[in-house]
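Coordinates in review
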Amino acid sequence: MVKTDKKYQDYVQILKEELVPAMGCTEPIAVAYCAALARRTLGEMPDDVIVEASGNIIKNVKSVVVPNTGHLRGIPAAAAAGIVAGDENRQLEVIASVTEAQQKEIKTYLQNTPIRVVLADTPLIFDIIVTVSKADHSAKVRIANYHTNVVLIEKDNQVLQACDVQSDGEEGLTDRSFMTVESILDFANTVEIEDVKPVLDVQIAYNMTIAEEGLRGDYGANIGKVLIQSNPVAGSGKTEEAIKLTAKAMAAAGSDARMNGCELPVCIISGSGNQGMTASIPIVIYAKELGKSEEEILKTINAGTREHTRILLPWNEYPADFREGLRQPINEEITKTYKELIALRHNDKALVYGDFEVLNKKKDRFVYSRTLNGTTYIVDCIRYTSKFP
């Protein structure tokens with residue numbers, strides 16, 4: 001692929017659109033960004049806040065720690081952080097520079113200001129509407145389809161900015177319909193590294209740093225740390241198993257930290273920090289152990305840092321637009337099991353809201369319980385190294 005090819009230029013632009021620095025889990029950060037924009041539009045500190053959100057946003061934000069808030073969780077905390085201390089010009093780093101004094105202000109604001117969360121009447125998977133008011137003035141901001149896509153800004157019922165939102169399409173982004181595995185690899189193998197180095201360097205630096213912090217600190221279930229501490233090959237040198245373990249543990253540690261309040265940024269892909277880390281951290285670890293050059297590392301990450309990281313799992317049948325080159329046979333038994341587990345979770349609140357306790361964590365086994373109103377479930381997760389018996 002030559003540099004003058006339109007596909008080449010599109011791929012470079014897509015990388016810039018996909019590899020975006022973000023603080024913490026991206027959905028609460030998007031809520032904070034939307035709230036910060038609403039506060040700026042209002043022009044004063046609101047005394048009433050309504051956050052309308054699609055079900056997927058409510059689910060993703062409900063129990064996640066919002067960075068730089070003193071371990072506050074959920075949509076009200078995210079909205080309060082954006083209103084009190086957010087810098088809307090930094091988008092997904094909107095609350096990256098919150099001070100200790102501002103953290104106290106956020107908690108006080110939460111205690112004294114009604115912040116209502118409402119399920120939005122929307123067909124969209126990603127939809128956030130924040131309405132703020134003070135006395136006789138109000139402001140409304142809507143973000144839809146992806147984390148920084150502002151589709152509506154209103155003040156006192158006067159529209160200041162608006163664009164149509166018709167589907168889950170990502171308006172304003174480079175068209176991805178031309179992408180194939182073949183052309184992605186062609187671009188990765190022929191790209192002039194200087195065209196992509198600035199964004200890939202940030203991805204490596206941010207994601208490796210938070211992974212290292214995840215191993216040092218105490219974050220959530222500490223999956224990365226447990227993998228290393230419980231595995232006999234840890235510290236055994238540069239064996240294949242040791243390298244593989246390190247790659248898995250580092251990626252898991254980064255996720256542990258990101259989802260549990262670590263205040264370091266990550267570089268996301270397709271709106272997901274966990275995807276961004278998965279597409280970069282293991283590659284860097286393997287490449288360094290193999291003695292690969294910086295250019296080889298960047299080209300390999302470039303190939304993995306592509307859209308398609310969140311293609312839907314075929315549930316009943318393949319979606320009409322499911323890319324031909326990425327189709328795989330459906331495993332009916334696995335799909336049936338997933339449906340049964342999801343139905344069980346939907347029908348029993350203990351599995352959703354119950355108190356969480358780790359009972360056992362070893363190399364190939366993780367056991368925990370959830371208890372609510374006298375009902376206890378014990379979940380035993382076993383990693384098989386070969387086919388199921």
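Our structure's up above, just so we're on the same page.
The paragraphs below set out a description of the structure included in this document. Just so you know, the residues in each chain are numbered from 1, in the order the chain's sequence is written. In keeping with the predicted nature of the model, local features appear solely for residues at pLDDT of at least 70, side-chain atom pairs appear and are counted solely at 80 or more, and the whole-chain, interface and lining totals rest on all residues. Hydrogens and water molecules were not included; the side-chain quantities draw on all heavy atoms of the structure.

So, the overall build of the protein chain
- Helix and strand assignments come from DSSP, with helices taken as H or I runs of at least 4 residues and strands as E runs of at least 2, each series counted from the N terminus. Along the backbone of the protein chain there are 14 helices and eleven strands.
- Contacts are residue-level and defined by heavy atoms, with any inter-residue pair within 4.5 Å sufficient. Long-range pairs, those at least 24 residues apart, make up 66% of the contacts in the protein chain between residues at least 6 apart in sequence.
- In the structure as shown, the protein chain presents an accessible area of about 20,400 Å², 51% of it carried by carbon and sulfur atoms. The Shrake-Rupley method, run with a 1.4 Å probe, gives the accessible areas here. Residue values count only the displayed protein chains as cover.

Digging into helix H5 (residues 100-112)
- Helix span, as expected, comes to 1.5 Å for every residue beyond the first. Its 13 residues give H5 an end-to-end C-alpha distance of 19 Å, which sits within 8% of 18 Å, the value for a rise of 1.5 Å per residue.
- Buried within H5 we find Gln-103, Ile-106 and Tyr-109. One face of H5 carries all of its buried residues, which in axial projection span an arc of 120°. Exposed side of H5, more than 90 degrees from the buried face: Glu-100, Lys-104, Gln-111 and Asn-112 are the residues found there.
- In this structure, the buried side of H5 is in contact with strand E2 (48-53), helix H4 (75-85) and strand E3 (115-119). Exposure is judged per residue with a 1.4 Å probe applied to protein chains only, and the accessible area is read against the type maximum: over 50% gives exposed, under 20% gives buried, and values in between give partly exposed. Our arc is simply the arc of the directions from the helix axis toward the C-beta atoms.

What about the nonpolar core?
- As used in this record, nonpolar core signifies buried Ala, Val, Leu, Ile, Met, Phe, Trp, Tyr and Cys residues forming a set joined through side-chain atoms within 4.5 Å. Among the nonpolar cores identified, the biggest contains 84 residues, and Val-49, Ile-95, Ile-106, Ile-128, Val-130, Val-132 and Phe-187 are the most heavily contacted of them.
- Here the element with the most residues in this core is helix H2 (residues 26-42); it accounts for eleven residues.

A few points about helix H7 (residues 193-216)
- Its 24 residues give H7 an end-to-end C-alpha distance of 33 Å, which sits within 8% of 34 Å, the value for a rise of 1.5 Å per residue.
- What is called the bend at a residue is the angle between a pair of axes, fitted to the seven residues leading up to and ending at it and to the seven starting from it. Along its length, H7 reaches its greatest deviation from straightness, about 35°, at Val-199.
- Turning to H7, its buried residues are Ile-193, Val-196, Val-199, Leu-200, Gln-203, Ile-204, Asn-207, Met-208, Ile-210, Ala-211, Glu-213 and Gly-214.

With respect to the packing of aromatic side chains
- To pair, rings of Phe, Tyr and Trp, with the six-membered ring standing in for Trp, must have centres within 6.5 Å; the planes then decide the type, stacked if under 30 degrees apart, edge-to-face if over 60, and tilted in the middle. Evaluated as defined, the whole model comprises five aromatic pairs.
- Aromatic pair Tyr-11 and Phe-187: ring centres 5.0 Å apart, planes at 25°, arrangement stacked. On the criterion of sequence distance, the pair formed by Tyr-11 in helix H1 (residues 6-18) and Phe-187 in helix H6 (residues 181-190) is long-range, its members being 176 residues apart. For the pair shown, Tyr-11 and Phe-187 are each scored as buried.

A short note on unusual backbone geometry
- Positioned with a positive phi, His-71 is a non-glycine residue whose angle comes to about 70°.
- Topologically, His-71 is positioned in the loop between helix H3 (55-61) and H4.
- Notably, Asp-156 is not glycine yet its phi reads approximately 50°, a positive angle.
- Tracing the chain through its elements places Asp-156 in the loop between strand E6 (150-155) and strand E7 (158-162).

Examining the pairing of strand E11 (residues 375-382)
- With eight bridges joining them, strand E10 (residues 365-372) and E11 adopt antiparallel strand pairing. Looking at E11, one finds that Phe-366 is bridged to Cys-381. The criterion for strand pairing is that DSSP finds at least two bridges linking the strands in question.

Quick notes on the environment of Gln-203
- Structurally, Gln-203 can be placed in helix H7.
- Taking the C-alpha atoms as reference points, Gln-203 and Ala-279, separated by 76 residues in sequence, lie 9.7 Å from one another.

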